[in-house]
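# A closer look at the structure
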Amino acid sequence: QVQLEESGGGLVQTGGSLRLSCVVSGLTFNNYAMGWFRQAPGKEREFIAAIAALSWSPSSTTYAVALKGRFTMFRDNTKNTVYLQMDRLKPEDTAVYYCAADFRRGGNWAATSRYAYWGQGTQVTVSS
């Protein structure tokens, strides 16, 4: 059974930082690309970043242009875990944050439809 479990969300003040974790089980982690998305109330799920599978290209990471520079995604393949480091947080970053996994190469990494597996999400709230 494939499971993706996010953690690390919470309440933080504007300008603060959080690091989200996503622990993956039930699949061969090194063969899967991972993505982070977020969804604010009343809005569509939004792409944040994606990182290639270790077996493809270890250093390949893609970011949403608007978030690059404040958000950093990385993976620890020894722990089957992917992280999202979020710095200089703003109230508009408030959302539920999800991780996702897929084994296929290519395609649009920003599309929710390309990911086979999803976590349940973790809430991030940034106070002004």
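See the structure shown above.
Residues numbered from 1 in each chain as written. Predicted model: local features only at pLDDT ≥ 70, side-chain atom pairs only at ≥ 80, totals over all residues. Heavy atoms only, no water.

## A look at the overall build of the protein
Helix and strand content of the protein: zero helices and eleven strands. Against the 2.2 N^0.38 benchmark of 14 Å for 128 residues, the protein shows a C-alpha radius of gyration of 14 Å, consistent with a compact globule. Its C-alpha atoms put the protein at 40 × 25 × 25 Å along the principal axes. Counting over 128 residues, the protein shows a buried share of 44%. A separation threshold of at least 6 residues defines the contact pool for the protein, and within that pool the share at least 24 residues apart is 58%. Both charge centroids of the protein, one from 13 positive and one from 9 negative side chains, sit 5 Å from each other. (Helix = DSSP H or I, 4+ residues; strand = E, 2+ residues; numbered from the N terminus. Rg over C-alpha atoms; globule rule 2.2 N^0.38 Å. Buried < 20%, exposed > 50% of the residue type's maximum accessible area, 1.4 Å probe, protein only. Contact = heavy atoms within 4.5 Å. Lys, Arg positive; Asp, Glu negative; His and termini not counted. Charge placed at Lys NZ, Arg CZ, Asp CG, Glu CD.)

## Digging into the pattern of salt bridges
Here the structure, examined in full by the defined rule, presents five salt bridges. For Asp 93, the salt bridge goes to Arg 38, with nearest N and O atoms at 2.8 Å. Residue Asp 93 is found in the loop between strand E8 (81-86) and strand E9 (95-102), and its partner Arg 38 is found in strand E4 (residues 33-39); the two are separated by 55 residues along the sequence. For the pair Asp 93 and Arg 38, a shared accessibility class is recorded, and that class is buried. Asp 93 is the salt-bridge partner of Arg 70, the closest N and O atoms lying 2.8 Å from each other. Linking Arg 70 in the loop between strand E6 (61-63) and strand E7 (71-76) with Asp 93 in the loop between E8 and E9, this pair joins segments that are 23 residues apart in sequence. Look at Arg 70 and you get buried, because its relative accessible area is 10%. Several salt bridges converge on common partners, so that one network encompasses Arg 38, Glu 46, Arg 70 and Asp 93. (Salt bridge = Lys/Arg side-chain N within 4 Å of Asp/Glu carboxyl O.)

## Quick look at the packing of aromatic side chains
Where two aromatic rings form a pair, the distance of their centres and the angle of their planes describe that pair. Per the stated rule, a full pass over the model turns up nine aromatic pairs. Look at Tyr 32 and Tyr 117: their rings are 6.3 Å apart centre to centre, the planes differ by 50°, and that puts the pair in the tilted class. Taken as a pair, Tyr 32 in the loop between strand E3 (18-25) and E4 and Tyr 117 in strand E10 (residues 117-118) lie far apart in primary sequence, 85 residues in all. Ring plane angle 25° and centroid distance 5.0 Å describe the contact between Phe 74 and Tyr 83, whose orientation is recorded as stacked. By relative accessible area, Tyr 83 is classed as buried at 14%. (Phe/Tyr/Trp six-rings, centres within 6.5 Å; stacked < 30°, edge-to-face > 60°.)

## Some remarks on the environment of Asn 80
Tracing the backbone through its elements, the reader meets Asn 80 in the loop between E7 and E8. Its relative accessible area of 26% is what places Asn 80 among the partly exposed residues. Separated by 53 residues in the primary sequence, Asn 80 and Leu 27 have C-alpha atoms spaced 9.5 Å apart. Leave out the neighbours within four places in its chain, and Asn 80 touches Cys 22, Val 23, Val 24 and Phe 29.

## Regarding the sheet that holds E8
Taken together, four strands build an open sheet; the order of strands is E1-E3-E8-E7 and the sheet is antiparallel. Taken across any chain shown, the strands that pair with only one partner, and hence form the sheet edges, are strand E1 (3-7) and E7. Strand-to-strand twist in this sheet, taken as the mean axis angle between neighbours without regard to direction, amounts to 15°. (Pairing = 2+ DSSP bridges. Axes fitted to C-alpha atoms, helices over the stretch in contact; angles between N-to-C directions.)

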